[in-house]
Structures are given as structure tokens and as C-alpha cells.
Amino acid sequence: MPNLLMVSLKRMSALLRALHCAAGVGRHELAVVYVLDDLDLRHVCGLEGPDLDDDSLVPDLHKVAALLLGTALNGGMAVVVLRTPLATGKTAVRTWRVHDLTAQPSTAAESFSAYCNGPNGVLTGPEPGVEYHDAPALTV
């Protein structure tokens, strides 16, 4: 078990660094939603891209890391949401699905669908001022 934990910690750290790199320069909001059975855990934190070193893992980012690590150790899935303010005054939204600490980028259409469909499948409309963008593949 210790080997699995060490491998998972290294992969989680690499995933966080890749998210930082994908965020780019500037201030961003990073949210993780972790679903396991009927339990829905969420955490949102600020993020300053694009560099992340070991000294900059602030407590909020530790909570994000714990949620991501939970996906690997419990066979669950998380969704990572990166919100970035644009010069136009709008907000760009990119999402990734994370399973076993592997991030699959979502298209703009997939992100739109996830955000704009209500629980019964009825379109609720986009959030004002939000643009949905294709998430890039993360290099881990």
C-alpha cells in the first residue's frame, strides 16, 4: 500500500503542476467536485499561474490535492473547473474529468452541457458573462 500511496502522491502533484501550467499567467479560480456514491464534496481556491513550486502549496491547494488523491484511492471521479477572467470582462471556463489521477479534457460543448443542464435535463441557460472553452490536454 505505501507504494500505491507514493505513486498517487507523485501523480497528484504532477497533475496540479499541469493545471497550473494550463492556467497560464494571472489569477484563476480552481474548483474540484468529487463525487462518491451520494457524497458530493467541493472545494474552490484561488490559483496564480503558471508556475507552482513545492513551497507554494498553500492550505487551499492542499484541500484540492486531497480531493484529487481521493479519486485515485477510492475509484471515484472528480471534475476540475478552471475559471479565468478575460480582458473582455467575461470569464473563460475549462473543465477536466479526473479518474485515477488522469485528467481528460472536456470540450467547450461538454462544459456548457454540464453547467447548463438542470437535474431533469432541461436547459437552464449559460451563466451571464461566461464563455466555455475547450480544455487543453494536460502534460503530466
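Residues numbered from 1 in each chain as written. Predicted model: local features only at pLDDT ≥ 70, side-chain atom pairs only at ≥ 80, totals over all residues. Heavy atoms only, no water.

1. Focus: the overall build of the chain
Then step 1. Broken down by element type, the chain carries three helices and six strands.
Then step 2. Secondary structure elements of the chain occur, N-terminal to C-terminal, as α-β-β-α-β-β-β-α-β.
Then step 3. Out of the 140 residues belonging to the chain, those deemed buried represent 38%.
Then step 4. In the chain, once contacts between residues fewer than 6 apart in sequence are set aside, the share between residues at least 24 apart is 59%. (Helix = DSSP H or I, 4+ residues; strand = E, 2+ residues; numbered from the N terminus. Buried < 20%, exposed > 50% of the residue type's maximum accessible area, 1.4 Å probe, protein only. Contact = heavy atoms within 4.5 Å.)

2. As for the nonpolar core
Then step 1. Counting 24 residues, the largest nonpolar core has Leu15, Leu30, Leu68, Val80, Trp96 and Leu138 as its most contacted members.
Then step 2. Elements supplying a minimum of two residues to this core: α1 (2-23), β1 (26-36), β2 (39-49), α2 (59-74), β3 (77-85) and β4 (91-99).
Then step 3. In terms of residues, this core owes the most to one element, α1, which gives seven residues.
Then step 4. In terms of nonpolar packing, the next biggest core, distinct from the first, is built from six residues, Val81, Cys116, Val130 and Tyr132 among them. (Core = buried A, V, L, I, M, F, W, Y, C linked by side-chain atoms within 4.5 Å.)

3. Overview of the packing of aromatic side chains
Then step 1. Per the stated rule, a full pass over the model turns up one aromatic pair.
Then step 2. An angle of 85° between the planes, with centres 5.6 Å apart, marks the rings of Phe112 and Tyr132 as edge-to-face. With a gap of 20 residues between them, Phe112 in helix α3 (residues 108-116) and Tyr132 in strand β6 (residues 130-132) connect regions that are remote in the sequence. (Phe/Tyr/Trp six-rings, centres within 6.5 Å; stacked < 30°, edge-to-face > 60°.)

4. Remarks on the pattern of salt bridges
Then step 1. For the structure shown, the criterion picks out three salt bridges.
Then step 2. Here Arg83 and Glu127 are joined by a salt bridge, their closest N and O atoms 3.0 Å apart. Of this pair, Arg83 sits in strand β3 while Glu127 sits in the loop between α3 and β6, and the two are 44 residues apart along the sequence.
Then step 3. For the salt bridge of Arg97 with Glu110, the shortest nitrogen-to-oxygen distance reads 3.6 Å. (Salt bridge = Lys/Arg side-chain N within 4 Å of Asp/Glu carboxyl O.)

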